[in-house]
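Given next are the chains, with one letter for each unit.
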Amino acid sequence: MKRLARAAYWIAPPLFCLAVYWLGLKAWFQQDDFAWLGLRYDVEKWSDWFRILFAPMAQGTIRPWSERLFFIVFEAIFGVEALPFRIWVFLTQTVNLTLLSWIVWRVTKSRLAGFLAPVLWTASSALGRPMSWTSAYNQILCAFFLLASFQFLLRWIETGDERWWRWQWAAFLMGFGALELNVVYPALAALYTLACARERFRRTLPLFLPSALFVLVHRLWAPKVASGPYVMHFDASIFGTFLRYCHIALGAEHAGIIPPQTGWPPAVAAGVWILGAALAGFTLWQLARRQWLAGFFAGWFILTLGPVLALRDHISEYYLAVPMIGLASLGAWAAACAWRSGWVWRPVAAVCLMAYFATALPAARMVSHMHFERSRAVRNLVLGVVRARQLHPREVILLAGVETDLFWSAMIDNPFRLFKLKDVYLAPGSEDRIRAFPELGSVTDWVFPTKQAWSLLGDYRAVVYDASGVRLRNVTTNYMRILGALDTHSRVYWIDVANPAFERLLGRTWWAVEGGSRFMPKRATLRLAGPRSAGQKLYLNGWAPEKLFAEGPLKVFVSANGRPLGVATLVRGGQIFELAFDLPAELIGAESMEVAVESQRTFRAPPDVRDLSLRFGSFTVR
Amino acid sequence: MRKLIIVVLGLAPLLSAPMGCRRTQPVKVDVVEEEAPKLATVIHVADPKATVQLVKGFYELEQNSWRWTAGKFAVALRPPRGASERGAVLQLKFAVADAVLERVKSMTVKARSGKVELAPETYTKSGEQIYSRDVPGSILGGEVVLFEFEVDKFLPPGAVEQRELALIVTTIGLELK
């Protein structure tokens, strides 16, 4: 029973994490994921590897383990299959939760605090994105290296065994490959030793050297960000940004996640402020008692948040993922202290915990759900296009119905190149429904020009898929009809009678399309523009069925605007034909003329009861 | 605990697994619908099946129910059966936003299809509105008819946001007379 309880103690937090972020485990790829997944396609020679792994990329980041190598290795092994990536993220977080539990247990000497810390951290909505979006794995891996380094430090402090000290160095140095935030580790180590093991403080000072070197190299090597949300502002705005993050951390707001109109009920919001006051009160009380550990936990929050405080215009909830370790530990310790102090403080702790879970958990689930839903839409689009390409290997694929979120979550990083798909574009007019974010990229680069689309569709060299539903839908026919309606006022000198785009120009007697052409009954009409100049002719292209010639040669009568153009005689059936007729001068420049074709006779092919005559492909004025 | 840490650190080298591997990955392919839905006679702008009929001037879907339009927008509708003989009624259901009306005071909406112009109507109150006009059967004979709408006054780009904002549209359709 004791062993069972002990196992539950360690297993419960990861299971809780799995329950909260279950949808995150099932999420597919989105946004930056595609850029990272496509990295290995940028490798042409061995020397490219160094650049690919270590050259500063987006916003000057250098994160070889958590982004580049992670995606390259997993993509090489598993392809564009998201589940292994997600499992790896969850495994890493399982280790993180275990490490945190162990650390808090050891530093507070409270099993309860050790149990609560990972649970409180898990409930934080700051983990919603890292647990649901693979590109945010850097937060999880950074937490791993920081927690691992710190637990090695604790072991060294406890045992004096220098091996732990060396392990700490190894984990710390490795941490630079996860996230730039790793530079704060020496400050965490120094703060802890100052607070709880002062005799060890001086040994932590050399840890600052790699951090200083990293900052120096990063500043020299990484490109400066001169504009956009990632510009750093080292001014008084830092304090405002810090307060905003405190709000978010306590659940008082959820940046960019919950629309403002769906604010929290006042009672819950009040609970959040009670929670903040309780945490602040507990910290001050502990500090007054010279229990500096509370200062360390608060310091963890501040120090790990520090590097992003200068990003005034890019406040993002997930930047709190690592700082929340400090607040979760502080909260867990406060709850454990309250529990130990008897029945007076227990209800207070219970109310605070309830207030926290009541706001944080739904938000965490909401963030996870949002990323899952978005990733599912992206998956449907990308794999839908893969399928569309299989069905239409040579045609240009035009995507209609792609709107803002889907475009910026999927298309901007060109996921199609992962499947070696080319010639995939947005249908003309799509740019109306996609908000522009010039700092992220260009929408218009993806939009296929209207004229070319019209031309390709007319030649059956393009297909249109609607991406606005759950699955991609082939809407080529509808799209062509609409394009045809749009084109009502332009002059048409050529008609493919089987093309839906020209349906509006055909009279009512034509039979339905069959294999790229149409039969007509005895008589059929259509509308074409008059000739542009003298000498132009009307050409009719079609196929003459043999059955029409059972009674001998067939006469074909053609007129334009009621005026006879001539009579052609077809001698043999079972073959294609082209007929040409002169056009009279009075039709030159006419916006439209009605062309009528009449066959001398018709036939029937039972059980088909239709009266059939010639089968036409196109009519041209040239 | 020590064993656990050793196991965890033991997994780390997996991150540096073979990189040169470039085998072709099997692709799990989803189904696409090759059969297009029938063009709609009445469309709700939130209906994914009708998105393709919102030809131009419609912005992204908001709150899963409505769309802002630009000053000019167009929609393609399938005429109802028999409309070419009896004619039909074009109905545009929309809302005039307070923020827009405060600036422009009144908004006149008009529509046309080809050369046929439908009479304009002026709106001076915010809230839900309907623009309703008879459409002659003579232009409703085809498979699809394009209606182009124009609003005389709207918020220009940059006034409130980067888009030109005119009406908040929910439904557009043709009803048999």
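I will try to describe carefully the structure that is included in this document. (Residues numbered from 1 in each chain as written. Chains lettered and ligands numbered in written order. Predicted model: local features only at pLDDT ≥ 70, side-chain atom pairs only at ≥ 80, totals over all residues. Heavy atoms only, no water.)

### Observations regarding helix α10 (residues 185–196) of chain A
Residues and elements named next belong to chain A. Spelled out, the test is: What counts as a helix is a DSSP run of H or I of at least four residues, what counts as a strand is a run of E of at least two, and both are numbered from the N terminus. To estimate the expected span of a helix, subtract one from its residue number and multiply by 1.5 Å. Three exposure classes are used, based on accessible area relative to the maximum for each residue type with a 1.4 Å probe and protein chains only: buried under 20%, partly exposed in between, and exposed over 50%. Two residues form a contact once any of their heavy atoms are found within 4.5 Å.
Counted at 1.5 Å a residue, the expected span for α10 with its twelve residues is 16 Å, and the 16 Å between its end C-alpha atoms agrees. Of the residues making up α10, those classed as buried are Tyr185, Pro186, Leu188, Ala189, Ala190, Tyr192, Thr193 and Ala195. Packing partners of the buried residues in α10 comprise α6 (82–108), α8 (137–159), α9 (162–175), α11 (201–204), α12 (208–221) and α15 (293–305).

### Details of α12 of chain A
Residue and element names in this part refer to chain A. The condition that has to hold: The directions from the helix axis to the C-beta atoms form the arc being described.
An ideal rise of 1.5 Å per residue puts 20 Å on 14 residues; α12 measures up with 20 Å between its terminal C-alpha atoms. Among all positions in α12, only Pro210, Ser211, Phe214 and His218 are buried. Each buried residue of α12 lies within a common arc of 100° when the element is viewed along its axis, so the set occupies one face. Opposite its buried face, α12 presents the exposed residues Leu209, Leu213, Arg219 and Leu220, each directed more than 90 degrees away. If you follow the buried residues of α12, they end up packed against α9 and α10.

### What to know about the pairing of strand β10 (residues 554–560) of chain A
In the case of a regular strand, side chains alternate between the two sheet surfaces. Residues and elements named next belong to chain A. In plain terms, the rule: Paired strands, in this sense, are two strands between which DSSP finds at least two bridges.
By the criterion of burial, β10 is predominantly enclosed, with five of the seven residues buried. Pairing of β10 with strand β11 (residues 563–570), which is carried by seven bridges, proceeds in the antiparallel orientation. Considered in β11, the bridge of Phe557 is made with Val567. Between β10 and β11, which pair antiparallel in sequence order, lie two residues; one of them, Asn561, sits at a positive phi of approximately 50°. The pairing of β10 with strand β13 (residues 593–599) spans five bridges and is classified as antiparallel. The residue of β13 that forms the bridge with Val556 is Ser599.

### So, the pattern of salt bridges
Residues and elements named next belong to chain A. This is how it is decided: The salt bridge definition used is simple: a Lys or Arg side-chain nitrogen within 4 Å of an Asp or Glu carboxyl oxygen.
Applying the stated rule across the entire model yields 29 salt bridges over all chains. In this structure, the salt-bridge partner of Arg374 is Asp405, at a minimum N-O distance of 3.3 Å. Of this pair, Arg374 sits in helix α17 (residues 346–391) while Asp405 is found in helix α18 (residues 404–409), placing the two residues 31 residues apart along the sequence. What makes Arg374 buried here is its relative accessible area of 17%. A relative accessible area of 43% means that Asp405 is categorised as partly exposed.

Without other data, these values stay purely geometric and don't point to any function.
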